[in-house]
Each structure stands twice: as C-alpha cells, then as structure tokens.
Amino acid sequence: MHNWTTLSKNELEELREQLEKTYAGYISQNLKLDMSRGKPAGTQLDITNGILDALDNYITEDGTDARNYGVLDGLPEAKKLFSDLLGIPTSQIIIGGNSSLNLMYDSMMRLYVFGTQGHLPWCKQGPVKFLCPSPGYDRHFAICEDLGIEMLNVPMTEEGPDMDFVEELVKKDASIKGIWCVPLYSNPQGICYSEETVKRLANMEVAAPDFRIFWDNAYGVHPVYKEEKLADIFEAAEKAGNEDRIYYFFSTSKITFPGAGVSLMAASTKNIAEIKKHLTIQTIGHDKLNQLRTVRYFKDAAGIHHHMEKLAAELRPKFDIVLETLERELGDTGLATWTKPMGGYFVALDTLEGCAKETVELAKKAGVVLTGAGATYPYGKDPKDTNIRLAPTYPTVDELTLAMELFCVCVKLAGVNKLLK
Ligand code: PLP
C-alpha cells in the first residue's frame, strides 16, 4: 500500500470519493457498538464465576468472623496473598475496598488536607502541580482537576515517562508534588517502564520534600502476549533513601470483577502508620468477606497467575483483531501509528495531527463509540489532537471486527480530509 501522504491531489480526491461511499455503507447498517471503556466482556467475567461460591465458611485463619466489623487494614491471609504476588512485605500493605481509584483519591485528599510527615498540607502551600505522563488514564487526571492541582504534561517514551524532562522539572520546582505512573502495560499505550526508568524515578533529586510517586500498578499481572518484568520500585527507593516517596496501588478489578474486587495500597512503614491514623477515622474496616472469597478462590500467587493465563487466552483474539486490522488497513498509509502492547487493556493510536477528534466523531456518527479524543490528556486537551484509545475487551469478536474496519475507514477519511486541506 502506498504512503498516502505523498499522493497527488487527484489521487487523494479519488480515494476520498471511495471512502465516502464505504462510510455511507456503514451508516446504513445502523451499528451500535461500544469500544469506549476498558471493561471486560460478559464471557470474560464468566471465567471467574467460581469465586461467587468460594466462601464455604467465613472464619479466617486467626479465628476472626469475617462477617463482623473489624480488621482495619485487611485480613492477614489477604495481605499474604498479595505480598507473594507483588513482592511487597505484608507490613507495607493496607487492603482497601472495591476500588484502587478510591484509594488514590483518598491518598491525594489526605496529602491535600493533612499533608504528610510533618509538611504543610498541600492546600496551604499555594498552587501545587502534578506531573502527568500523557497519554495516560483520564481518571487520574480527573482527581487532580477536582482538587485544582495544576497538571503538567510529560511526554512518554517506549521506556516510560521522558525522564530527562521529569528530572529537569522536579529538581527545580518545589510546587511539583508528584507524578502519576502506570508502570506495566500502561493505560492507554501498553508501555512497560524499563529498569532504568524505575531507578531514575526512585533516585531523582526532587525539590519538594513531600513529593509522591503514585505508582498505579493496575495491570501488574495482566499479560496478553508476553509477561514483562517490572523492576522493584520499593527496593530502588529504599537503596536511595527515598522509600517515603512511593505510594503503590493495585486491585483485582481486572482479575475478578471490576467494581467488586479487592484493592490495596502499599507504602513505607512510616507512611503506612500515617495513613492508618486517618483510615481508622474513615472506616471500621473494608469488606472482609470479599477478601476471604478472593483468598479461598485463588489460594496463592500461582493461582492468580494461572487465572490470568485464562483471561489472556480470552483477550488475545481481540487484541489480534485490533492489531491485524490496523496493519492491514493502515499499515503503510502513513496516516497513523499505534502501539503493540504485550498486555493490559488498550491499544493507543496516533492519527495525523489534528485528526483524532474528527476520526472519533465520524465513528460515532456511524454508531461506534470510542473513548473521547483528548480524554487521554490532562484537561481533556490533546495538544496535537492525535491520540485515540482503543479498548478491545468489551465487544464480541464479531462486533470488534466490524468496529475496527469502520474505525480504519474513519482514520483514512479524516486523514485524507486533512491532506486535502
Ligand atoms: N488504574 C488504571 C490505570 C485503570 O486503567 C483503572 C481502570 O480502568 C483503574 C485504576 C481503576 O481501578 P479500580 O477498579 O481498582 O478502581
């Protein structure tokens, strides 16, 4: 296939005519397909249904009745399961409720309202800023926006955030209080942070003594094609004497059921003690029955890895469709580039500059809902209007095939429109 960016005006006009006909054909089919959010399909959820019957009794290993109040920071057996899975000591783990995003919001709120380790609360320090590697997860950015924390875009590289850029900013500006990180199979690009990136984040010189890395390892055990290794951020930070810098988050939302899984937060022992002081005011304890059900169902870390292989087998054909369709339809056109993730939940595509919004709009008019253009950037503003997040997990294989074919027509149409301007 020719590189379309080098075609003549006449050739492009001819292509546009053909594309418009093809597009009209999709419009007449009255499609209604949703590729907007990273939700598992019903068939994927069914794989985990056994967990609903995993509670044969409700007495925990130390004799606690899991039906009753108590145990603020989580059942010991739940901590042990996640400690083995993630390589974090149980003493550094707090088990939360059904959502890690909730833990992130609460953490940000505590820093904002109470401050940390004797430093002034962020709300009393004047305007504060946060680094946002972009494209990234829209709900992270929404938390900052909610609190009026100014967000600074950080470009992503294949190894994670551009660390030259990050280091330069944080060493000079004490109002920069932290950075969002999704270190494995990132949302939306599927990027895995290199060992070098992890080390640099743990070691970098920061002007703010209360700087925090929000380490959201949401896809930490979620390979689709290949298991990638992530360097141990706590180990690196401890070596550098910066262990208080790390707030680590994880959940089983994409292991069991989204919105009905178990979340956790991990941090240095000093941070954990501080967090618990507030947590004990906030709640008597989280849902221990769900924690127990999760432990009984998986038994150990190997049980979770084995389960994730089953989920990967379910997801692989869907990622195949996305990647094969993009290659076949857009391969050498020069109209788009995209990531080829080894795991996680998304593929990120970049159109020609100024074409993402139009592409998403064209797809919407033809009945295919995508994540809104711009959503992957702070304030919903993609400076170059190029990035589109593709979420292959929810539609069926047939729906996805159709949606991706239409999507590629939309990328081409928006691209040709731009080239003809
Ligand atoms: N973090 C990332 C990067 C996500 O992509 C998602 C969900 O899509 C979440 C967190 C939400 O996690 P939870 O369901 O544990 O709140």
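Residues numbered from 1 in each chain as written. Predicted model: local features only at pLDDT ≥ 70, side-chain atom pairs only at ≥ 80, totals over all residues.

## Things to note about the overall build of the protein chain
At step 1: Scanning the protein chain from terminus to terminus reveals 13 helices and 13 strands.
At step 2: By the compact-globule yardstick of 22 Å for 421 residues, the protein chain fits well, its C-alpha radius of gyration being 23 Å.
At step 3: In terms of overall dimensions, the protein chain has a C-alpha envelope of 75 × 55 × 30 Å along the principal axes.
At step 4: By the burial criterion, 45% of the 421 residues in the protein chain qualify as buried.
At step 5: A fraction of 77% describes how many contacts in the protein chain between residues 6 or more apart in sequence connect residues 24 or more apart. (Helix = DSSP H or I, 4+ residues; strand = E, 2+ residues; numbered from the N terminus. Rg over C-alpha atoms; globule rule 2.2 N^0.38 Å. Buried ≥ 20, exposed ≤ 12 C-beta atoms within 10 Å, placed from the backbone. Contact = placed C-beta atoms within 7 Å.)

## As for the sheet that holds strand E6 (residues 176–181)
At step 1: Read across the sheet, 8 strands follow the order E2-E9-E8-E7-E6-E3-E4-E5 without closing on themselves; strand pairing throughout is mixed. Two strands close off the open sheet at either side, each with one partner strand: strand E2 (93–95) and strand E5 (160–161).
At step 2: Strands in contact with helix H6 (residues 163–172) are strand E3 (129–134), strand E4 (150–157), E5 and E6; relative to E4, the strand with the most contacts, it is inclined by about 150°. (Pairing = 2+ DSSP bridges. Axes fitted to C-alpha atoms, helices over the stretch in contact; angles between N-to-C directions.)

## Focus on the site of the ligand
At step 1: Surrounding the ligand, one finds 13 residues, the nearest of these being Ser99, Ser100, Leu101, Ser251 and Ser253.
At step 2: Grouping the amino acids of the shell around the ligand by side-chain chemistry returns 5 nonpolar, 7 polar and 1 charged. (Near = placed C-beta within 6 Å. Nonpolar A, V, L, I, M, F, W, Y, C, P; charged D, E, K, R; others polar.)

## Section: the pairing of strand E7 (residues 212–216)
At step 1: Within E7, 5 of the 5 residues are buried, which leaves it mostly tucked inside the rest of the structure.
At step 2: Judged from the 4 bridges that link them, E6 and E7 form a sheet pairing that is parallel. The partner of Trp180 across the bridge, within E7, is Phe214.
At step 3: Of the crossover connections in this fold, the one passing from E6 over helix H7 (residues 195–203) to the parallel E7 is right-handed.
At step 4: Across 4 bridges, E7 lies against strand E8 (residues 246–251) in parallel orientation. By the bridge assignment, Ile213 is partnered in E8 with Ile246.
At step 5: Chirality of the crossover, the property in question, places the unit of E7, helix H8 (residues 233–239) and E8 among those that are right-handed. (Right-handed = clockwise from strand over helix to strand, strands pointing away.)

## Regarding helix H12 (residues 356–365)
At step 1: Ala356, Thr359, Val360, Leu362 and Ala363 are the residues of H12 that are buried. The buried residues of H12 occupy an angular sector of 160° when the element is viewed end-on, so they sit on one face.
At step 2: Looking at the packing, one finds that the buried side of H12 touches strand E11 (347–351), strand E12 (368–370), strand E13 (387–390) and helix H13 (397–419).
At step 3: The first or second residue beyond H12 is Gly367, which carries a positive phi of 95°. (Arc of directions from axis to C-beta.)

## Regarding the environment of Pro392
At step 1: Of note, Pro392 is situated in the loop between E13 and H13.
At step 2: Exposure remark for Pro392: the 24 C-beta atoms within 10 Å place this residue in the buried category.
At step 3: Residues in contact with Pro392, not counting those within four places in the same chain, are Lys318, Phe319, Ile321, Val322, Val347 and Leu400.

## Brief notes about the sheet that holds E13
At step 1: With antiparallel pairing, the 3 strands of this open sheet are ordered in space as E10-E11-E13. Sheet topology places strand E10 (336–338) and E13 at the edges, where each strand pairs with a single neighbour. For this sheet, the mean angle separating the axes of adjacent strands, direction not counted, is 25°.
At step 2: The sheet contact formed by E11 and E13 spans 4 bridges and is antiparallel. Residue pairing in the sheet places Val347 in a bridge with Leu390 of E13.
At step 3: The strands touched by H12 within the sheet are E11 and E13, with E13 carrying the most contacts at an inclination of about 40°.

## Observations concerning the domain arrangement of the protein chain
At step 1: Along its sequence, the protein chain is carved into domain 1 (4–30 + 305–419) and domain 2 (64–299).
At step 2: Distance from the C-alpha centre of domain 1 to the C-alpha centre of domain 2: 31 Å.
At step 3: Taken together, the 23 residues of domain 1 in the interface contact 26 residues of domain 2.
At step 4: At the level of secondary structure, the elements contributing two or more residues to the side of domain 1 that touches domain 2 comprise helix H11 (301–330), E11 and E13.
At step 5: Residues belonging to the side of domain 1 that touches domain 2 are distributed by class as follows: 14 nonpolar, 7 polar and 2 charged. (Domains from an automatic or database assignment.)

## A closer look at the packing of helix H4 (residues 100–113) against helix H5 (residues 138–147)
At step 1: Closest axis-to-axis distance for the H4/H5 pair is 11 Å, and the angle between their directions is 30°. Judged on the interaxial angle alone, H5 and H4 are roughly parallel. Here the hand of the crossing between H4 and H5 comes out right-handed. Note on element contacts: H5 touches H4 through Arg139, Ile143 and Leu147, opposite Leu101, Met104, Tyr105, Met108 and Tyr112.
At step 2: For the contact of H4 with H5, the per-class residue count stands at 7 nonpolar, no polar and 1 charged. (Parallel < 35°, antiparallel > 145°, perpendicular 65-115°, else oblique. Left-handed = near helix turned anticlockwise from the far one by under 90°.)

## Quick word on H4
At step 1: Taking 1.5 Å of rise per residue, the 14 residues of H4 would be expected to cover 20 Å, and the 20 Å separating its terminal C-alpha atoms lies within 8% of that figure.
At step 2: Looking only at H4, the buried set comprises Ser100, Leu103, Met104, Ser107, Met108 and Leu111. The buried residues of H4 occupy one face: seen down the axis, they fall within an arc of 135°.
At step 3: Elements in contact with the buried residues of H4: H5, E7, E8 and strand E9 (263–266).
At step 4: One or two positions beyond H4, positive phi appears at Gly115, with a value near 75°. (Expected span 1.5 Å × (residues − 1).)

## Here's the deal with the environment of Leu7
At step 1: Residue position: Leu7 is located in the segment before helix H1 (9–27).
At step 2: Counting along the chain gives 409 residues from Leu7 to Val416, while the straight-line C-alpha distance between them is 9.9 Å.
At step 3: Ignoring sequence-local partners within four residues, the contact set of Leu7 consists of His2 and Leu12.

## Focus on unusual backbone geometry
At step 1: In this chain, Ser134 is followed by Pro135 through a cis amide linkage whose omega measures 5°.
At step 2: Its location among the elements puts Pro135 in the loop between E3 and H5.
At step 3: The residue Val71 is not glycine, and still its phi comes out positive at about 65°.
At step 4: Judged by the 19 C-beta atoms lying within 10 Å of it, Val71 is partly exposed.
At step 5: Located in the positive-phi region is Tyr379, a residue other than glycine, with phi close to 60°.

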